Amino acid sequence: MQLNELSQRSGVTPASIKYYLREGLLPPGEAVHATRAEYSARHLDRLELIQALRQIVGLNIGQIRGLVKIADDGVPRLDLLAAVQRVVLDLGNYTTSIGGEAAEAADAVMRLRGWPDSASDARNALTAHLELMAGLKIPVSETVLEAYSKAMDDVAGLDIAATTAPESTDRLILTAAVGMHMHSQLLLKLLALAQASHAIRRYHG
């Protein structure tokens, strides 16, 4: 298909498609001659991914470029999913140099839940967050860690069990990124509702 048909079928304007091509988010089409290229279903999939990452997940062009580059470089799927998680959940760039009580608490969570204690952005982000809470004098007791980690273990188990493994890396990113974003928002909304309900029962019994 040519540019105009790609635009019609994807719902993305020709100007936006050209912008994505210039920014390296969209692979070039197959050149027919100097001023015309042919596009395929792969381009439709990539445009659907770009639009979802921008409009639903709220990523910027640089973040999307980073994810699609990793996918196009052919990294292992576990590494690709880790990159999606890092960007979508904004895990940041934490090092493993954090020690003290925060590291001990994170270690305890891993042992308690029987989670594989391998290096990851999520593991480092947890330790950094526990250190931040300790610095702010916000106590995180063993009871809290046990309850929270148990709830998240149950939720994560449901998430992974429901996850499909599409052959296309674009579909994999789309499924994972939108799922992570929407499920994390669902958890926050449910937590807010639960907190409000507990407050009502306590103060307006």
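What counts and what doesn't
- Residues numbered from 1 in each chain as written.
- Predicted model: local features only at pLDDT ≥ 70, side-chain atom pairs only at ≥ 80, totals over all residues.
- Heavy atoms only, no water.
- Helix = DSSP H or I, 4+ residues; strand = E, 2+ residues; numbered from the N terminus.
- Contact = heavy atoms within 4.5 Å.
- Phe/Tyr/Trp six-rings, centres within 6.5 Å; stacked < 30°, edge-to-face > 60°.
- Buried < 20%, exposed > 50% of the residue type's maximum accessible area, 1.4 Å probe, protein only.
- Axes fitted to C-alpha atoms, helices over the stretch in contact; angles between N-to-C directions.
- Parallel < 35°, antiparallel > 145°, perpendicular 65-115°, else oblique.
- Left-handed = near helix turned anticlockwise from the far one by under 90°.
- Core = buried A, V, L, I, M, F, W, Y, C linked by side-chain atoms within 4.5 Å.
- 1 Å grid on protein atoms, 1.4 Å probe; cavity = no way out; pocket = protein on both sides within 12 Å on 5 of 7 lines; lining within 4 Å.
- Points joined across faces, edges and corners; volume = space filled by probe spheres on them.
- Nonpolar A, V, L, I, M, F, W, Y, C, P; charged D, E, K, R; others polar.
- Polar contact = N/O pair within 3.5 Å; in protein donor to acceptor, adjacent residues only side chain to side chain.

Going by the annotation in an unreviewed UniProt entry, the name recorded for the chain is Transcriptional regulator, with Pseudarthrobacter scleromae given as the source organism.

A. Structural view of the environment of V32. With respect to the helices and strands, V32 occurs in strand β1 (residues 30-33). If we ignore the near neighbours within four places in the chain, the residues touching V32 are A37 and E38.

B. Just the side chain of H43, in detail. Residue position: H43 is located in helix α3 (residues 41-57). When neighbours within four sequence positions are excluded, H43 is seen to be in contact with L6, L26, P27, P28 and G29.

C. Fine view of the packing of aromatic side chains. Taken as a whole and judged by the stated rule, the model has one aromatic pair. Between Y19 and Y20 the ring centres are 5.9 Å apart and the planes differ by 50°, which places this aromatic pair in the tilted class. By relative accessible area, which is 30% here, Y19 ends up partly exposed.

D. Looking closely at the packing of α3 against helix α4 (residues 61-72). Where α3 contacts α4, the two axes come as close as 10 Å, and the packing angle between them is 140°. With respect to their mutual orientation, α3 and α4 come out oblique. In this structure, α3 meets α4 at a crossing whose hand is right-handed. Here α3 contributes R42, R46, L49, I50, L53 and R54 to the contact with α4, which in turn contributes I61, I64, L67, V68 and D72.

E. Focus on the nonpolar core. In terms of nonpolar packing, the biggest core is built from 33 residues, with Y20 and L53 touching the most fellow members. Sorting the residues of this core by element identifies α1 (3-10), α2 (14-23), α3, α4, α5 (77-88) and α9 (169-204) as the ones contributing at least two each. Other than its neighbours up to four places away in sequence, L53 contacts G58, L59, I64, L67, I173 and A177. Judged by nonpolar contacts, the second largest core, of six residues, contains A102, V109, L130 and L145.

F. Main features of the layout of surface pockets. Its boundaries defined by the atoms lining it, the second largest pocket holds a volume of some 290 Å³. What lines the second largest pocket is a set of 15 residues, and nearest its centre among them are E101, A105, V140, E142 and L145. If one sorts the elements of the lining of the second largest pocket by residue count, helix α6 (residues 100-113) sits on top with six residues. Residue composition of the lining of the second largest pocket, by class: twelve nonpolar, no polar and three charged.

G. Inspection of the environment of L81 at higher detail. Here L81 shows up in helix α5. In the structure, L81 is positioned 91 residues away from L172 in sequence and 8.3 Å away in space, judged by C-alpha atoms. Ignoring sequence-local partners within four residues, the contact set of L81 consists of L172, A176 and M180.

H. Molecular detail of the side chain of S7. Looking at the element boundaries, S7 is found in helix α1. We classify S7 as buried; its relative accessible area is 12%. A distance of 2.6 Å separates a polar atom in the side chain of S7 from the backbone oxygen of V12. Among residues more than four places away in sequence, those in contact with S7 are V12, T13, P14 and I17.

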